[in-house]
Every structure is written in C-alpha cells, then in structure tokens.
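Each chain, letter by letter, is given below.
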Amino acid sequence: MNYSIIIPTCNRNNLLELCLNKLLEAINVVNNLSFEIIVTDDSFNNNAKSLIENKYSMVKWVQGPKKGPAANRNNGARISTSEWLIFLDDDCMPTLNLLETYHNAVTNRKRNQYVFEGKIIADRHQERFDEEAPININGGSLWSCNFCIQRDFFNTIGQFDEQYPFPSMEDADLNERILKSYEVVFLENATVIHPWRKIKFFKNFYPKLYSYKFFVNKHHQQSKYKFRLTRIKIFVHGVLNNFILLAKFRFKGIAHYFELNLFNFISIFL
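Residues numbered from 1 in each chain as written. Predicted model: local features only at pLDDT ≥ 70, side-chain atom pairs only at ≥ 80, totals over all residues. Heavy atoms only, no water.

(A) Highlighting the overall build of the chain. Of regular secondary structure, the chain possesses nine helices and ten strands. Here the C-alpha atoms of the chain give a radius of gyration of 19 Å, agreeing with the 18 Å that 2.2 N^0.38 yields for 270 residues. For the chain, the spread of C-alpha atoms along the principal axes amounts to about 50 × 40 × 35 Å. Here the chain, with 270 residues, has 50% of them falling under the buried criterion. Long-range pairs, those at least 24 residues apart, make up 76% of the contacts in the chain with a sequence separation of at least 6. Within the structure as shown, the chain displays about 13800 Å² of accessible surface, and the carbon and sulfur contribution to it stands at 52%. Between the centroid of the 33 positive side chains of the chain and the centroid of its 27 negative side chains there is a distance of 6 Å. (Helix = DSSP H or I, 4+ residues; strand = E, 2+ residues; numbered from the N terminus. Rg over C-alpha atoms; globule rule 2.2 N^0.38 Å. Buried < 20%, exposed > 50% of the residue type's maximum accessible area, 1.4 Å probe, protein only. Contact = heavy atoms within 4.5 Å. Areas by Shrake-Rupley, 256 points an atom, 1.4 Å probe, with all protein chains shown as cover. Lys, Arg positive; Asp, Glu negative; His and termini not counted. Charge placed at Lys NZ, Arg CZ, Asp CG, Glu CD.)

Shown next, in the form of structure tokens:
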C-alpha cells in the first residue's frame, strides 16, 4: 500500500521543519510501506524550496498555485501518485503512531469507507479566550490538517472547492459533501498536535463571514428557516457558555468574546 502525504505551506519554514522531522519519525515506525511526501509551497518567493532541497532529500517540493489553501491542497493531490492521500498542515506535529493507525484502518476498512479523520490535540492548555486551534477530540469535523482519503474518491467528490472567497470553511464544505452519501471514520490514535494561536481582533472577521455565507448558500439554500433556528441556538448557547469560559481565563481575550457573539448573531440572517 502506497500513501502520498500532502503538506501545504506558506512562509512558515520553522513550523514546517518541525512537522517534517516528526513525520519522518512516524515513517520509521511503519515497515514495508511506501510514502511520498509532497510539500506544495504557496509563498510568492518559493520560501520552502531551499529548505527542502538542502535538508529533506526524500521530500518533493512543488510550487503552489498562489490561490489560497484549498487550491494549494488540490495542487498536491493532483501531483500525487499514490492510492491514498494523507493531508497534514505545516504547523502540525504528527505523533509516532499516526501513519501506522491510518494504514491499519485502510487495510481493514469496510466497503464504501473512503475517508478517515484523525484526532487533533493542542500543544498545551488554553490560556486565553482569544486563542484558537482546530481541536478534534471525538471526530465529526474533518479538519483539513489531519485526514486520510482515497485519491479516486477525493477526485470524484470534487476535491476542495476553490471558489470559497477566503481561506475558511472549505474543509467543512468537503465534509458536508462526503456525509451526504458516505461516512467519515474517526481514528482516535491518528493524532497530530496543533499549537494554540492568538486571534487578532477582527482581522479575519469579514473573510470568515463571507466564506460562511458562501457555505450556507451552497448547502442550505432550501432549508434556511431550519438552519436559522440552529444558528439562534448556537448564538444563545455561545453567549452563556463562552462567558463562563471567558471568566475562567480571567477575561483575557475579552475582545474576541464580543467578536464571536457578533459573528454568531450576524450569521443568523445570512
């Protein structure tokens, strides 16, 4: 069984290096398997090229399309040659048993099982309310930084939708399309570690809102009333529960609390 590991990157060589070092350790755990590692570089100055050529001879560097992360991931998939694709992000650190867990799942999969999502944990405890990370403890998210998918199925389902106006919601879109007809299997032991990152107040507010609107119009145009009821519940639940969380952090990151509530409120009417 052969696997292509696709890592999109853009001006984060220090994180990419940590990711590749941990990935190579995970490859050493698995015997008699072939792995193709593709780093697709979306930086305008091809920032990762010299790093890959000088330190990682077993890694294939390719130039990205410079159209955002969705197109960059699709670029890696198009270049890949293996039956199965494993998507990681350059700021994730794979654990030793990541690849072995994916391989065991692929080997023992049931019919019509084409997608496996891995677990995502943080590198430390959250310290402020305005820190974010795509945590995935129990499955159901299919975040793009850790999942495995059959290559032909990925192409058939339409890959990542490159029409999203900003780099947000494209992985939720892929998950939505898959779940209409197929299941996504969660693998608790296929784990990567993702760092917490401080959110810059209102920097990505409008891009996320526009991407969310695109997602709603694409998938919930015929059931907007029902979907708005869901958003109202999310808004009410968020106001109360996030305030408790904010108090836990001694109100560090309070600006993001108001930003998040505003986002959830506006999203009701999209």
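Moving on from the coordinates now.
(B) Broad picture of unusual backbone geometry. Of note, the phi angle at Gln159 is positive, near 55°, even though the residue is not glycine. Tracing the backbone through its elements, the reader meets Gln159 in the loop between α5 (151-157) and α6 (170-179). Take Gln159: its relative accessible area is 13%, and that puts it in the buried class. For Arg250, which is not glycine, the phi dihedral falls at a positive 55°. Looking at the secondary structure, you find Arg250 in the loop between α8 (224-248) and α9 (254-267). Note on Arg250: relative accessible area 72%, which makes it exposed.

(C) The pairing of strand β6 (residues 115-122), seen in detail. The element β6 is extensively covered by neighbouring structure, given that six of its eight residues are classed as buried. Sheet analysis places β6 next to strand β8 (residues 146-150), joined by three bridges and oriented antiparallel. Among the inter-strand pairings, Phe116 is bridged to a residue of β8, identified as Cys148. Both β6 and strand β9 (residues 185-194) contribute to a ladder of seven bridges, which runs parallel. If you follow Glu117 over to β9, its bridge partner there is Phe186. (Pairing = 2+ DSSP bridges.)

(D) Fine view of the pattern of salt bridges. This model, assessed by the stated rule, comprises 15 salt bridges. Between Arg177 and Asp173 there is a salt bridge, and its shortest N-O distance comes to 2.8 Å. With Arg177 and Asp173 both in helix α6 and four residues apart, the pair spans about one turn of that helix. The pair formed by Arg177 and Asp173 is uniform in burial state, with each residue classed as buried. (Salt bridge = Lys/Arg side-chain N within 4 Å of Asp/Glu carboxyl O.)

(E) Just the side chain of Lys119, in detail. With respect to the secondary-structure elements, Lys119 resides in strand β6. Contact partners of Lys119, with chain neighbours within four places excluded, come to Asn136, Ile137, Asn146, Phe186, Leu187, Glu188, Ala190, Thr191 and Val192.

(F) Structural view of α6. Of all the ten residues making up α6, eight are buried; the element is thus mostly covered by neighbouring parts of the structure. When we look at burial in α6, the residues that qualify are Glu170, Asp171, Ala172, Asp173, Leu174, Asn175, Arg177 and Ile178. Lining the buried residues of α6 we find α3 (69-79), β6, β8, α5 and α7 (205-219).

(G) The environment of Asn108, seen in detail. For Asn108, the position within the fold is in the loop between α4 (98-107) and β6. A polar atom in the side chain of Asn108 sits 2.9 Å from the backbone oxygen of Asn104. (Polar contact = N/O pair within 3.5 Å; in protein donor to acceptor, adjacent residues only side chain to side chain.)

(H) Region of interest: the packing of α6 against α7. One way to put it is that α6 packs onto α7 with a least axis distance of 10 Å and a crossing angle of 15°. In terms of orientation, α6 and α7 fall into the roughly parallel class. Here the hand of the crossing between α6 and α7 comes out right-handed. On the side of α6, the interface is formed by Ala172, Asp173, Glu176 and Arg177, while α7 contributes Phe215, Lys218 and His219. In the contact of α6 with α7, the residues fall into two nonpolar, one polar and four charged. (Axes fitted to C-alpha atoms, helices over the stretch in contact; angles between N-to-C directions. Parallel < 35°, antiparallel > 145°, perpendicular 65-115°, else oblique. Left-handed = near helix turned anticlockwise from the far one by under 90°. Nonpolar A, V, L, I, M, F, W, Y, C, P; charged D, E, K, R; others polar.)

(I) Here's a closer look at the packing of aromatic side chains. For the structure on display, the rule yields 24 aromatic pairs. Taken together, a centroid distance of 5.7 Å and an interplanar angle of 85° make the contact between Phe87 and Phe160 edge-to-face. On the criterion of sequence distance, the pair formed by Phe87 in strand β4 (residues 84-88) and Phe160 in the loop between α5 and α6 is long-range, its members being 73 residues apart. Each member of the pair, Phe87 as well as Phe160, is classed as buried. Their ring planes at 75° and their centres at 5.6 Å tell us that Tyr114 and Tyr182 sit as a pair that is edge-to-face. Within this pair, whereas Tyr114 is found in the loop between α4 and β6, its partner Tyr182 is found in the loop between α6 and β9, the two being separated by 68 residues in sequence. (Phe/Tyr/Trp six-rings, centres within 6.5 Å; stacked < 30°, edge-to-face > 60°.)

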